[in-house]
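Residues per chain, in single letters:
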Amino acid sequence: MLLRDECAVRRKALSAGDALAVFAVSSVLMVIIGVPMQATGLGGVAASEWLLLALPTLLLARARGAGLADSLALKRIGARTATGALLIGASAWYVLVWLVVPLQERIAPTPPELREALEALVPAGMSLPLLILIVALTPAICEELLCRGAIARSLVGAIGPAGAVVVSALLFAMLHLSIYRFVPTLLLGLVLGATALATGSTLTSMIIHLMNNAAIVTVHRYAGSTTVTWASNHGTVVGIMALGMLGIGLWLLRISAPSLRDGPPTPRSESPSREF
């Protein structure tokens, strides 16, 4: 059964050449058009994501004649998988901030002027739901369609699941055009790729990505609140709690995803005429 499912995935996914070509086109467009668009504010950020990342990916999938659900793995997931994804997204960001970002800052500290420029993109009076829509939901959909739905999925047949996860994570980190965020973004990309392939659905990584960004935006918005102040003063406690949430989320995905629960399929002979 698992062999049959794996062969079906490979036949329905875009080819590796297709996915890498659309990534190259989207990356060039991002540098030439996207960067100036994003400099205009959050509206430009959202527009660049939809027009330069999501649209080319969707057009390519449609041009290849495969349904979007099959070619980009936009398949329904169960409640247990969704809950696991929510927990991973709500906790992984803090684990990265707690353990990885300090090391990144030692190696390549973020220039103060860049930090101020990023903060200036967010209007002080913008409502939190609208902010989450632009900064969390939009990238969760657009970037996951390209990096996990197209790239990671298409590379499985060529370099295997592990290689597909690593390469898609590297391209995901490069897509953000920032050396100062490269390592945390790369590690997040590894989590997104592994969970998307393990569960067979890009919706899983979309939920994780959404929760990751939404949590960061919410904490930033309420930076002066009592809760956030307490958390910043008790980083180790919150970090241990986040690790616990992350572990539970991964466990839920493990017991939900057949490829993780049952292990790799056992090789067996198949009749040449048998359909996968």
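That block above? That's the structure.
Basis of the calculations
Residues numbered from 1 in each chain as written. Predicted model: local features only at pLDDT ≥ 70, side-chain atom pairs only at ≥ 80, totals over all residues. Heavy atoms only, no water. Core = buried A, V, L, I, M, F, W, Y, C linked by side-chain atoms within 4.5 Å. Buried < 20%, exposed > 50% of the residue type's maximum accessible area, 1.4 Å probe, protein only. Helix = DSSP H or I, 4+ residues; strand = E, 2+ residues; numbered from the N terminus. Contact = heavy atoms within 4.5 Å. Phe/Tyr/Trp six-rings, centres within 6.5 Å; stacked < 30°, edge-to-face > 60°. Lys NZ or Arg CZ within 6 Å of the ring centre and 35° of its normal. Axes fitted to C-alpha atoms, helices over the stretch in contact; angles between N-to-C directions. Parallel < 35°, antiparallel > 145°, perpendicular 65-115°, else oblique. Left-handed = near helix turned anticlockwise from the far one by under 90°. Nonpolar A, V, L, I, M, F, W, Y, C, P; charged D, E, K, R; others polar. Salt bridge = Lys/Arg side-chain N within 4 Å of Asp/Glu carboxyl O. Expected span 1.5 Å × (residues − 1). Arc of directions from axis to C-beta.

(A) Seen up close, the nonpolar core. Counting 42 residues, the largest nonpolar core has L146 and I151 as its most contacted members. For this core, the elements supplying multiple residues, two or more each, are α2 (16–38), α3 (42–63), α5 (79–107), α7 (128–175), α8 (182–199), α9 (202–221) and α11 (235–256). With 12 residues, the single largest contributor to this core is α7. L146 has contacts with V22, F23, S26, L53, T57, I151 and L175, leaving out every residue within four places of it along the chain. Ranked by size, the runner-up nonpolar core spans 8 residues in total, among them L42, V45, L128 and L131.

(B) Structural context of the environment of G149. Assignment of secondary structure puts G149 in helix α7. In this structure the C-alpha to C-alpha distance between G149 and S71, which are 78 residues apart in sequence, comes to 7.5 Å. Not counting chain neighbours up to four residues away, the residues in contact with G149 comprise S71, L72, E144 and T202.

(C) Looking closely at unusual backbone geometry. At A73, a position not held by glycine, the phi torsion is positive, near 55 degrees. With phi around 55 degrees, L177 is a residue other than glycine that occupies positive phi space.

(D) How the structure looks around the packing of aromatic side chains. With the rule as written, the count across this model stands at 1 aromatic pair. Taken together, a centroid distance of 5.5 Å and an interplanar angle of 90 degrees make the contact between W93 and Y94 edge-to-face. The two residues W93 and Y94 agree in class, both being buried. The ring of F172 has R148 lying over it, and the distance from NZ or CZ to the ring centre is 4.4 Å.

(E) Here's a closer look at the packing of α7 against α9. At a closest axis distance of 7 Å, the pairing of α7 and α9 adopts a crossing angle of 140 degrees. On the basis of the axis angle, α7 is oblique to α9. Note that α7 runs across α9; the crossing there is right-handed.

(F) Seen up close, the packing of α5 against α11. In contact at an axis separation of 7 Å, α5 and α11 are set at 150 degrees when each is read in the N-to-C sense. For the pair α5 and α11, the crossing hand works out as left-handed. Across the contact of α5 with α11, the residue classes tally to 19 nonpolar, 9 polar and 1 charged.

(G) Expanded view of the pattern of salt bridges. Applying the stated rule across the entire model yields 3 salt bridges. With its nearest N and O atoms 3.8 Å apart, the salt bridge here joins E105 to R115. A residue pair is termed long-range when its members are at least 10 positions apart, and E105 in helix α5 and R115 in helix α6 (residues 112–120) qualify at 10 residues. For R115, a relative accessible area of 40% translates into the label partly exposed. E144 is the partner of R148 in a salt bridge, and the nearest nitrogen-oxygen pair spans 2.7 Å. Here R148 and its partner E144 are both found in helix α7, 4 residues apart, which amounts to about one turn of the helix.

(H) Molecular detail of α11. Taking 1.5 Å per residue as the helical rise, α11 with its 22 residues ought to reach 32 Å, and the 31 Å between its terminal C-alpha atoms agrees with that figure. Along α11, the residues classified as buried are G235, V238, G239, A242, L246, G249, L252, L253 and S256. Seen from one end, α11 has its buried residues packed into an arc of 145 degrees, which puts them on one side. When the buried face of α11 is taken as reference, the exposed residues oriented beyond 90 degrees from it are I240 and M241.

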